[in-house]
Amino acid sequence: GDSDLIFIPEPFESLQHALIGIDKASAKWPKKKGYSRSVFAIDLSDKTEKHYAEQSKLIQEFLDFEANNDTSRMSMREMGQFSEYVQYRLCCPQTAVFYRLTKEDVKNFDTPGNETIDQIFPLCAKAYKNGLWASYHRGKVKICKGEDSGERGIPKTILAQVAYEVTSLHDFFCVSEALLQRVESNEVFSNLKKTVELEPNLVNAGKANKKARLT
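Residues numbered from 1 in each chain as written. Predicted model: local features only at pLDDT ≥ 70, side-chain atom pairs only at ≥ 80, totals over all residues. Heavy atoms only, no water.

Undergrad: Help me out: how do you make sense of the sheet that holds strand β6 (residues 155-163) in this one?
TA: Two strands in a sheet stick together by hydrogen bonds in their backbones, pointing the same way (parallel) or opposite ways (antiparallel). Reading across the sheet, the three strands line up as β4-β5-β6 and stay open at both edges, with antiparallel pairing between neighbours. Edge positions in the open sheet fall to β4 (133-137) and β6, since each of these has one partner strand only. When strand polarity is set aside, the average angle formed by the axes of neighbouring strands in this sheet is 30 degrees. Note that strand β5 (residues 140-148) and β6 share seven bridges and pair antiparallel. In the strand pairing of β6, Lys142 is matched with Gln161. (Pairing = 2+ DSSP bridges. Helix = DSSP H or I, 4+ residues; strand = E, 2+ residues; numbered from the N terminus. Axes fitted to C-alpha atoms, helices over the stretch in contact; angles between N-to-C directions.)

Undergrad: Would you mind going over the pattern of salt bridges with me for this structure?
TA: Pairing between side chains becomes possible if they bear opposite charge and their charged atoms approach one another. What the rule picks out here adds up to three salt bridges. Residues Arg100 and Glu49 are paired through a salt bridge, measuring 2.7 Å at the closest nitrogen-oxygen approach. With a gap of 51 residues between them, Arg100 in strand β3 (residues 95-100) and Glu49 in helix α2 (residues 46-68) connect regions that are remote in the sequence. Residue Arg100 is classed as buried on the basis of its relative accessible area, which comes to 19%. Exposure remark for Glu49: the relative accessible area of 31% places this residue in the partly exposed category. Note that Glu184 is salt-bridged to Lys126, the shortest N-O span being 2.7 Å. Taken together, the positions of Glu184 in helix α8 (residues 169-198) and Lys126 in helix α7 (residues 122-129) put the pair 58 residues apart, joining distant regions of the chain. (Salt bridge = Lys/Arg side-chain N within 4 Å of Asp/Glu carboxyl O. Buried < 20%, exposed > 50% of the residue type's maximum accessible area, 1.4 Å probe, protein only.)

Undergrad: How do you make sense of the nonpolar core when you look at a structure like this?
TA: The nonpolar side chains of a soluble globular protein tend to be buried with one another. One finds Phe12, Leu15, Cys124, Val141, Leu179 and Leu180 to be the most contacted residues of the largest nonpolar core, which totals 42 residues. Secondary structure elements with two or more residues in this core: α1 (15-28), β2 (35-40), α2, α4 (84-90), β3, α7, β5 and α8. The element contributing the most residues to this core is α8, with six residues. Beyond its immediate chain neighbours, meaning those up to four positions away, Phe12 contacts His17, Ala18, Val39, Phe40, Ala41, Leu101 and Tyr128. (Core = buried A, V, L, I, M, F, W, Y, C linked by side-chain atoms within 4.5 Å. Contact = heavy atoms within 4.5 Å.)

Laid out in structure tokens, this is it:
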């Protein structure tokens, strides 16, 4: 069947903002057919801002074409009369769409007294800002670092993983939060080990001071 995709070309200000953007894009283009949705933050780098402006025009051109033409009755010769981009999109399994988060979107989710995702899952929020990512693939939740291996969702570097049947987004965040606690504990232990290896005199001095206090 048609695949249904969501891309985030550039990181959002926070995990909360990213999820609001994904929610708004999914609501605007529900999974009735294959969509390739790209979701953009309120503030973008100059490079991504330029990409967004250029590609938005092309995407709108194709959406207008789709709305005004019945391609099931169109011959290849007729299709050849349209722009190169329209011809390219006709050969793709997904319809590309862009959504850009607005300040109004964020404000509508900002209900007084309600905790944000960043507050409910602080380690997930911290990991998002630090460039870590989580993957659910073949029955395993994985905390990952860096790029994927070339196959979408398959990381080169796995920091922690667990076999778990995820049935909801809430499940996914709960398991990810727990795994990130393990990652942070491993980092603390690793840093302590490095200190012992690099500064043995400091550690020995600490032991001597402790022994002196006991005697």
